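The residues making up each chain are set out below.
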Amino acid sequence: MPLILRMNSFLRCLNSFCVVCTIMLVVNAQQLFAQNNKLAGYGIEVNPSLGKVIKHNYIFPPVPGQSYALDINVLKRTTGNKEWQVRRKNPLVGLGITYTNYGIDSIYGQCFGVYPVLELPIVRGEKLEWTCRFGLGVGYVTKRFERYPSWDTVNNLIGSHLNNFTLFTTQLRYKASHNLHVHAGFNFSHLSNGSFRLPNLGINMYGGHAGVRYFPVTDAPQERNVQAPQLPNRWMVQARIGVGMTEFNNVDGPMYPVYAATVYASRRYGSRNKILAGIDYSYFTSAHAFMRLNEVEVGNERANSWEGVIFVGHEFMFGRLGIVAQVGVPFRHTAVNDDKTIQKMGYSYYLLQNEEGILKELSLNGFIKSNNLEASHLEFGFGFGI
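This one's a predicted model, so the numbers in the text were calculated from it and none came from an experiment.

Caption draft 1: Looking closely at the side chain of E301. Considering the arrangement of structural elements, one finds E301 in the loop between α4 (285-293) and β12 (306-318). Look at E301: it is buried, it has no salt bridge, and the nearest opposite charge is R292 at 5.2 Å.

Caption draft 2: Focus on the packing of aromatic side chains. As enumerated under the stated definition, the model contains nine aromatic pairs in all. When the centroid spacing of 5.3 Å and the interplanar angle of 45° are considered together, the rings of Y99 and F112 count as tilted. Linking Y99 in strand β3 (residues 92-101) with F112 in strand β4 (residues 110-124), this pair joins segments that are 13 residues apart in sequence. Taking relative accessible area as the criterion, Y99 reaches 27% and is therefore assigned partly exposed. Each ring, one from Y281 and one from W306, has its centre 5.6 Å from the other, and the planes form 35°; the classification is tilted. Of the two residues, Y281 is situated in strand β11 (residues 273-284) and W306 in strand β12; the sequence distance between them amounts to 25 residues. Residue Y281 is classed as partly exposed on the basis of its relative accessible area of 32%. Owing to a relative accessible area of 24%, W306 belongs among the partly exposed residues under this scheme. When the ring centre of F318 is taken as reference, the NZ or CZ atom of R88 above it lies at 4.7 Å. Its guanidinium or amino end placed over the ring of F367, K344 lies 5.9 Å from that ring's centre, counting from NZ or CZ.

Caption draft 3: How the structure looks around the sheet that holds strand β10 (residues 255-269). In space, the eight strands of this closed barrel follow the order β9-β10-β11-β12-β13-β14-β15-β16, with antiparallel pairing throughout. When strand polarity is set aside, the average angle formed by the axes of neighbouring strands in this sheet is 25°. Helix-sheet contacts for α4 involve β10 and β11, and the interaxial angle to β11 is about 25°.

Caption draft 4: How the structure looks around the pairing of β12. By the bridge criterion, eleven bridges tie β11 to β12 in an arrangement that is antiparallel. Within the sheet, the bridge partner assigned to A277 lies in β12 and is V312. Looking at chain direction, β12 and strand β13 (residues 321-332) are connected through eleven bridges and run antiparallel. When the sheet's bridge partners are listed, G308 is paired in β13 with R332. Between the end of β12 and the start of β13, which pair antiparallel, lie two residues, with G319 showing a positive phi angle near 70°.

Caption draft 5: Quick look at the sheet that holds β3. Sheet architecture is closed into a barrel: eight strands sit in the order β1-β2-β3-β4-β5-β6-β7-β8, paired in antiparallel fashion. The sheet shows a mean angle of 25° between the axes of neighbouring strands, direction not considered. With ten bridges joining them, strand β1 (residues 42-53) and strand β2 (residues 67-77) adopt antiparallel strand pairing. Looking across to β2, one finds that G43 is bridged to L75.

Caption draft 6: How the structure looks around the side chain of T78. Within the fold, T78 resides in the loop between β2 and α2 (83-87). A distance of 2.7 Å separates the side chain of T78 from the backbone oxygen of P91, its partner in a polar contact. Apart from residues no more than four positions distant in its own chain, T78 is found in contact with W84, Q85, N90, P91 and V93.

Caption draft 7: Structural context of the pattern of salt bridges. For the coordinates displayed, the defined rule picks out 18 salt bridges. Residue E119 is joined to R173 by a salt bridge in which the shortest nitrogen-to-oxygen separation is 3.5 Å. Placement of the pair is E119 in strand β4 and R173 in strand β6 (residues 162-175), with a sequence separation of 54 residues. In this structure, E119 and R173 share a single accessibility class: buried.

How each quantity is defined
Residues numbered from 1 in each chain as written. Predicted model: local features only at pLDDT ≥ 70, side-chain atom pairs only at ≥ 80, totals over all residues. Heavy atoms only, no water. Helix = DSSP H or I, 4+ residues; strand = E, 2+ residues; numbered from the N terminus. Buried < 20%, exposed > 50% of the residue type's maximum accessible area, 1.4 Å probe, protein only. Lys, Arg positive; Asp, Glu negative; His and termini not counted. Salt bridge = Lys/Arg side-chain N within 4 Å of Asp/Glu carboxyl O. Phe/Tyr/Trp six-rings, centres within 6.5 Å; stacked < 30°, edge-to-face > 60°. Lys NZ or Arg CZ within 6 Å of the ring centre and 35° of its normal. Pairing = 2+ DSSP bridges. Axes fitted to C-alpha atoms, helices over the stretch in contact; angles between N-to-C directions. Contact = heavy atoms within 4.5 Å. Polar contact = N/O pair within 3.5 Å; in protein donor to acceptor, adjacent residues only side chain to side chain.

Here it is in structure tokens:
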């Protein structure tokens, strides 16, 4: 009898041991699956937001009381398999889809946007993080200025259905688990076509959002952490040339080229950023044509058709991709323009990146230029650095 009791006790202990081992194996298998599954690091985010349109011109139409937007992102956390990912602390990349109802559908219409997503950590903790997110893509607006057949002439904001859509957000996030995050923050969006078609006052909207982010597997995929050597904080002399097209004064009128040239100094720091400062030149053939047709500055039209700007800027580097933001003050205006501030924002894609030699950088560039936050034109070209 004591032997039977000892055997039963042994079997119970063995059974308990097997249960514990099974639980441990299941947990380890789940963790292994989470680390190796192809969906590890992938997530989806939904952000409803409430905002307000900014009236930035005296001829602006009635401003809606409130505007609403819904932003959906498909995201992937990078794993450090490239040097720029390690330097940026493995940010999130992805694709964003947005819907905006500005509040007065008969004038503003609605906007559907698609844009690439890049989210950078500012402060990252175990449970809390502060991030910022950039997006520069394409927006389709349902209502535009139109004389015929709808006679929608109150809408002097947008002259085309297809436009540039730019979004910036910053948010504070709480990580409830490796699968679920909640957050709230500030957002700013810009919609315009760069005066490719008039009218083009553009729509700027600021507001707040709250959202939820869900990772089906985990928000922490296995990191590879490629070695990222420290790059020197070097100075460079750089230049860009570009061209854009714009209408001037007349809706459905002729297109005029804008020629641009920029000379500036850059200072790389932290192996991933650049500070910029220089002079930006733009020659507007539309201003030249206007002065000739209206006999303004007769004989000096060419000399009064260019704009000069002193600017400072910043470039965020992501491998071969650079995101550039500039703000400047004109030291010379055209005869038909007296804007106080000039802004540029866009992308640079680097065909060449060398640490040694005379020619260190060669890039393709695309920018949207704004005067007093009102889009002036889209600009495309190339640049180099020595």
